[in-house]
Amino acid sequence: MITLENINIRFQKEIIRNGAVSVNDGQITSIIGESGSGKTTLLYLMGLLSSHECRYHFDGKDVNLKNDRECSHYRKTKIGYIFQDNNINDQLTVAENIANCAMIAGERMDEAGIQSLLSDVGVDADPQNYPLKLSVGERQRVAIACALAKNPPF
């Protein structure tokens, strides 16, 4: 479970003041709101990709948002994050992208595992292809496979 308390986000104006959110294991959670209401900022905060004033708990443990090493550990091993415009490396094959994401998280991914992930996300392309040979939708699904290769609880 990820829990954020005392969330305070301010840019030109106050976006969130003393907010709180919890995301439970195995549940789908939606964040909805008007443009500029802080949805993306909140998601970045939950994914430990940015830091704003709040208390952050991961599975009941306090996370020090000012400790880059600690945040990096959680990002690498506990959180699977998929960016809107994917974050796959065009210089690596699809298989290499997936294997590298797994390796960074301390996981091992063999050919069968890579093929299984690609099948799970609906990519029928050769894993030895480079991402530029894929459609935009296939590239996004490869990014999902990369996030899943880390075997994150979130």
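Residues numbered from 1 in each chain as written. Predicted model: local features only at pLDDT ≥ 70, side-chain atom pairs only at ≥ 80, totals over all residues. Heavy atoms only, no water.

Novice: It is not clear to me how the side chain of Lys150 should be interpreted in this structure. Could you clarify?
Specialist: Of note, Lys150 is situated in the segment after α5 (136-149). Looking at Lys150, its side chain comes within polar contact range of the main-chain oxygen of Arg75, at 2.6 Å. Contact partners of Lys150, with chain neighbours within four places excluded, come to Arg75, Lys76, Thr77, Ile79, Gly80, Cys101, Ala105 and Glu107. (Helix = DSSP H or I, 4+ residues; strand = E, 2+ residues; numbered from the N terminus. Polar contact = N/O pair within 3.5 Å; in protein donor to acceptor, adjacent residues only side chain to side chain. Contact = heavy atoms within 4.5 Å.)

Novice: Help me understand the sheet that holds strand β1 (residues 2-10) in this model?
Specialist: Strands sit in the order β2-β1-β3-β4 across an open sheet of four strands; the sheet is antiparallel. Looking at the sheet topology across the chains shown, the edges are occupied by β2 (14-23) and β4 (61-63). Adjacent strand axes in the sheet meet at a mean angle of 20°, parallel and antiparallel pairs treated alike. Strand direction decides the pairing type here: strand β3 (residues 53-58) and β4, joined by three bridges, are antiparallel. Paired with His57 across the bridge in β4 is Asp62. (Pairing = 2+ DSSP bridges. Axes fitted to C-alpha atoms, helices over the stretch in contact; angles between N-to-C directions.)

Novice: Can you help me understand the nonpolar core in this one?
Specialist: Soluble globular proteins tend to pack their nonpolar side chains together in the buried interior. Among the nonpolar cores identified, the biggest contains 19 residues, and Leu4, Ile7, Leu48, Tyr56, Phe58, Val63 and Leu65 are the most heavily contacted of them. Contributing elements (two or more residues each) for this core: β1, β2, α1 (39-46), β3 and α2 (68-77). The biggest single contributor to this core is β1, with four residues. Apart from residues lying up to four places away in sequence, Tyr56 is in contact with Ile2, Thr3, Leu4, Leu45, Met46, Leu48, Lys61, Asp62, Val63, Leu65 and Ile79. Counting residues in hydrophobic clusters, the runner-up holds 17 residues, among them Ala102, Ile114, Val121 and Ala143. (Core = buried A, V, L, I, M, F, W, Y, C linked by side-chain atoms within 4.5 Å. Buried < 20%, exposed > 50% of the residue type's maximum accessible area, 1.4 Å probe, protein only.)

Novice: What is the right way to look at the pairing of β3 in this model?
Specialist: Put simply, side chains in a regular strand alternate between the two faces of the sheet. The sheet contact formed by β1 and β3 spans five bridges and is antiparallel. Looking across to β3, one finds that Leu4 is bridged to Tyr56. The antiparallel pairing of β3 with β4 creates a hairpin that spans two residues between the two strands, and Asp59 there sits at a positive phi of about 50°.

Novice: How do you make sense of the packing of aromatic side chains when you look at a structure like this?
Specialist: Aromatic ring pairs: the centre-centre distance and the angle between the two ring planes describe each pair. Going through the model one piece at a time under the given rule, you end up with four aromatic pairs. Each ring, one from Tyr44 and one from Phe83, has its centre 6.2 Å from the other, and the planes form 80°; the classification is edge-to-face. A residue pair is termed long-range when its members are at least 10 positions apart, and Tyr44 in helix α1 and Phe83 in the loop between α2 and α3 (94-104) qualify at 39 residues. When the ring of Phe58 is compared with that of Tyr74, the centres are 5.1 Å apart and the planes differ by 50°; the resulting orientation is tilted. Placement of Phe58 in strand β3 and of Tyr74 in helix α2 is noted, with a sequence separation of 16 residues between them. Tyr74 carries the same exposure label as Phe58, and that label is buried. (Phe/Tyr/Trp six-rings, centres within 6.5 Å; stacked < 30°, edge-to-face > 60°.)

Novice: I'm lost on the packing of α3 against α5 in this one. Help?
Specialist: In a pair of packed helices, the angle between the axes and the distance between the axes together describe the arrangement. Interaxial distance between α3 and α5 falls to 7 Å at its minimum, and their mutual angle equals 30°. In terms of axis orientation, α3 runs roughly parallel to α5. Considering only the axes of α3 and α5, their crossing is right-handed. Of α5, the residues touching α3 (which contributes Val94, Asn97, Ile98, Cys101 and Ala102) are Val142, Ala145, Cys146 and Ala149. (Parallel < 35°, antiparallel > 145°, perpendicular 65-115°, else oblique. Left-handed = near helix turned anticlockwise from the far one by under 90°.)

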